[in-house]
Amino acid sequence: MTLTVTEIDRARQDPAVFADVLLGEPLWDHQREVLASPARIRSVLAGRQVGKSRTLAVAALHEAFRQSGRRVLILSAGEEAAKRLLAEIAALAASPLLRGSLVDEGKSLVTLSNGSTILSVPASEKQIRGHSVDLLVLDEACQIAEEIWTAARWTIIARPGSRILMASTPYGRQDRFFAVTWRAGEKRLLHRPAEGHESWRWPSTMSPLVDQTLLDMWRSNAVSDREWRQEVLAEWVDEAGSYFPTAELEAVTADYQLIDPATADGDLVVGGVDFGFAQDANALALVGALEDGDLNTDLHPHGWVYFVAWVEENFAMPYSQFARRIIDHGDHDPSVWKYRPGFTMRHVLAELNGPGTPVVQSMREMAAERWGYPRAIVGVNTTAAYKENAFAQLRLLIQQGRLLLPKSQTGLLRQLNNLEFETRDSGHLKIAVPERLGHDDLALSLAQAMAAVKPRARRWQDRPSGQPRSEGEVMETLSGTRIHARPRCVHDTRAFTAPRGGDGRDEF
Ligand SMILES: Nc1ncnc2c1ncn2[C@@H]1O[C@H](COP(=O)(O)OP(=O)(O)OP(=O)(O)O)[C@@H](O)[C@H]1O
Ligand SMILES: [Mg+2]
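- In the nomenclature of an unreviewed UniProt entry, the chain is known as Terminase family protein of Blastococcus saxobsidens.

**Concerning the sheet that holds strand S15 (residues 403–406)**
- With mixed pairing, seven strands are arranged side by side in an open sheet as S9-S15-S12-S11-S10-S13-S14. Across the chains shown, the open sheet's two edge strands, defined by having one partner strand only, are strand S9 (253–254) and strand S14 (377–380).
- Relative to strand S12 (residues 306–314), strand S11 (residues 282–289) runs antiparallel, the two being bridged by eight bridges. Opposite alanine 283, over in S12, you have glutamate 313 as the bridge partner.
- Contacts between helix H14 (residues 356–370) and the sheet are confined to strand S13 (342–351) and S14, with S14 contributing the most and set at about 170° to the helix.
- Packed onto the sheet, helix H16 (residues 410–418) meets S9, S12 and S15 and runs at close to 125° relative to S15.

**A word on the pairing of S13**
- Counting buried residues in S13 gives nine out of ten residues, a clear majority hidden from the surface.
- Note that strand S10 (residues 265–274) and S13 share seven bridges and pair parallel. Across the sheet, the residue bridging to aspartate 265 is glycine 342, located in S13.
- Looking at chain direction, S13 and S14 are connected through four bridges and run parallel. Within the sheet, the bridge partner assigned to leucine 349 lies in S14 and is valine 378.

**Quick notes on the site of ligand 1**
- Around ligand 1 sit 14 residues, and of these Arg48, Gln49, Lys52, Ser53 and Arg54 come closest.
- A distance of 3.0 Å is found between a nitrogen atom of ligand 1 and a backbone nitrogen or oxygen belonging to proline 26.
- With respect to ligand 1, the side chain of arginine 48 contributes an N or O atom lying 2.6 Å from an oxygen atom.
- Computed on the free molecule, ligand 1 has an accessible area of 630 Å², of which 78% lies beneath the protein chains in the complex.
- It is helix H4 (residues 52–66) that contributes the most residues to the shell around ligand 1, three residues altogether.

**Here's the deal with the pairing of strand S5 (residues 117–122)**
- Across the six residues that make up S5, a large majority, five, are buried.
- When strand S2 (residues 71–76) meets S5, the two strands line up parallel, connected through six bridges. The partner of valine 72 across the bridge, within S5, is isoleucine 118.
- In the sheet, strand S4 (residues 109–111) pairs with S5 via three bridges, with the strands oriented antiparallel. Across the sheet, the residue bridging to threonine 111 is threonine 117, located in S5.
- The antiparallel hairpin formed by S4 and S5 contains five residues in its connecting segment, where glycine 115 sits at a positive phi of about 90°.

**Some details on the environment of glutamine 448**
- Note on placement: glutamine 448 falls in helix H17 (residues 441–449).
- In this structure glutamine 448 comes out as buried when scored by relative accessible area, which is 5%.
- Sequence separation between glutamine 448 and valine 270 is 178 residues; the distance between their C-alpha atoms is 9.8 Å.
- Not counting residues within four places of it along the chain, the set of residues in contact with glutamine 448 comprises Gly272, Val273, Leu349, Ala350, Glu351, Val380, Thr382 and Tyr386.

**Focus on the packing of H4 against helix H5 (residues 79–93)**
- Packing of H4 against H5 brings their axes to within 10 Å, and their N-to-C directions diverge by 55°. Classified by the interaxial angle, the pair formed by H4 and H5 is oblique. As for the relative orientation of H4 and H5, their crossing is right-handed in sense. Here H4 contributes Ser53, Arg54, Ala57, Val58, Ala60 and Leu61 to the contact with H5, which in turn contributes Leu85, Glu88, Ile89, Leu92 and Ala93.
- Residue composition of the contact of H4 with H5, by class: eight nonpolar, one polar and two charged.

**Overview of helix H8 (residues 177–184)**
- For H8, the complete set of buried residues consists of Phe177, Phe178, Ala179, Thr181 and Trp182.
- Those residues of H8 that are buried are in contact with strand S1 (41–46), strand S6 (135–139), helix H7 (146–153), strand S7 (163–168) and strand S8 (197–202).

Cut-offs applied
Residues numbered from 1 in each chain as written. Chains lettered and ligands numbered in written order. Predicted model: local features only at pLDDT ≥ 70, side-chain atom pairs only at ≥ 80, totals over all residues. Heavy atoms only, no water. Pairing = 2+ DSSP bridges. Helix = DSSP H or I, 4+ residues; strand = E, 2+ residues; numbered from the N terminus. Contact = heavy atoms within 4.5 Å. Axes fitted to C-alpha atoms, helices over the stretch in contact; angles between N-to-C directions. Buried < 20%, exposed > 50% of the residue type's maximum accessible area, 1.4 Å probe, protein only. Near = heavy atom within 4 Å. Polar contact = N/O pair within 3.5 Å; in protein donor to acceptor, adjacent residues only side chain to side chain. Areas by Shrake-Rupley, 256 points an atom, 1.4 Å probe, with all protein chains shown as cover. Parallel < 35°, antiparallel > 145°, perpendicular 65-115°, else oblique. Left-handed = near helix turned anticlockwise from the far one by under 90°. Nonpolar A, V, L, I, M, F, W, Y, C, P; charged D, E, K, R; others polar.

Now the structure itself:
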């Protein structure tokens, strides 16, 4: 059998035609869609056996085929996987129409007659070094280490039009590169995929080969729910155990501007401080009651809407310097004649545990001097139960759509999303404040601030009628709560409560 020039030309341009005509194995619809996408970075989150590896193999072959001298690098999670993929490519390349392809198993290399090469190797630094490629392919990307990704990205930098294609069954944390990249290209409500990115989700059931009877049988007994969701539905299961699921966080997230302490105009806030130990940062979160005029009267007629007015984390900053910084952000008594910009910090909660006690003491002294109000600094003995209550309050406000989070603070959002819960024997949900998850300092500082927020406080006051200070476009979160692009704080101390400091009580 021979092909006409037109057919070959079409096969060069279209991977579907290539698979059909040259490989003799047509692509399935979901595979075709991915291979037809012009996006530079394509990510597929998929269940087991739905045809990921095949898709990658065809993509690699097509890239090599369509022009001479192309270079393709395929990284797999391990030696075994790399060999399997190489074998799959070799088998496809054995099609009589791709005559002249050479397979060198020792070098893990397939060379087509046009001089293009495909290298399929396990993901390791050694394998990546020195390569410059047109197409970088990652199979089971969730299992590939972060450093490898960092190194691998450079392999495409020198070649014009170079692209990345990766696929994986969900696994592990969602702040890892695959999850992050996948989300960047995700198509969902109110989310524009990032420039050059496109992502897909393939549950196993998309494969015409998957045996529905077998799946149903599995579902009813053989696999756990967790496994089912991960392996078949291609869902992140840590999401399922996440104390703050992404959807809940997104419902209260808006792209508003934080209030820069340097321009704060006495805005009334309460704050939480988390002192970093070994690798953690020192973190501060400030929460205000939103000056929202009539924006939220319908949705929240009687209660305050709160928002994160400011957050920051500082790595490798000595405690004393961090304490000074917090005090400098505040100006408790902004009278005209000694005006300084800054927040009015009603209560700032900081833990006494660990390095806390002396730092809290010195913060009080500084607060006395600068604000004339040392009692604003509250030392707290945090216990596991205390933290749980703090997070429970945070979650309650989030679920009610009454605490808004800044979209720009991805670190905070990610940290909240990474907190997991455990179900206790009693059936209660217990937030696992994880030591192992790395940085959770921002999440903890926000939770800390919750002890000074009074969610049940009734909003007696008429909505302010005078000049609103919040400015800019009005945005509506998915929860329906509205906020200005440049929000300000209401000056009403009744929105907050004075936590009893230092007594280690768990309730508030
Ligand atoms: N377009 C296709 N036409 C025919 N068979 C296909 C096609 N795509 C995939 N297959 C077959 O479906 C099965 C699963 O494909 P593949 O190994 O690519 O899936 P996978 O998602 O990588 O699976 P795993 O999760 O085990 O890694 C294989 O037997 C493969 O040969
Ligand atoms: Mg596979």
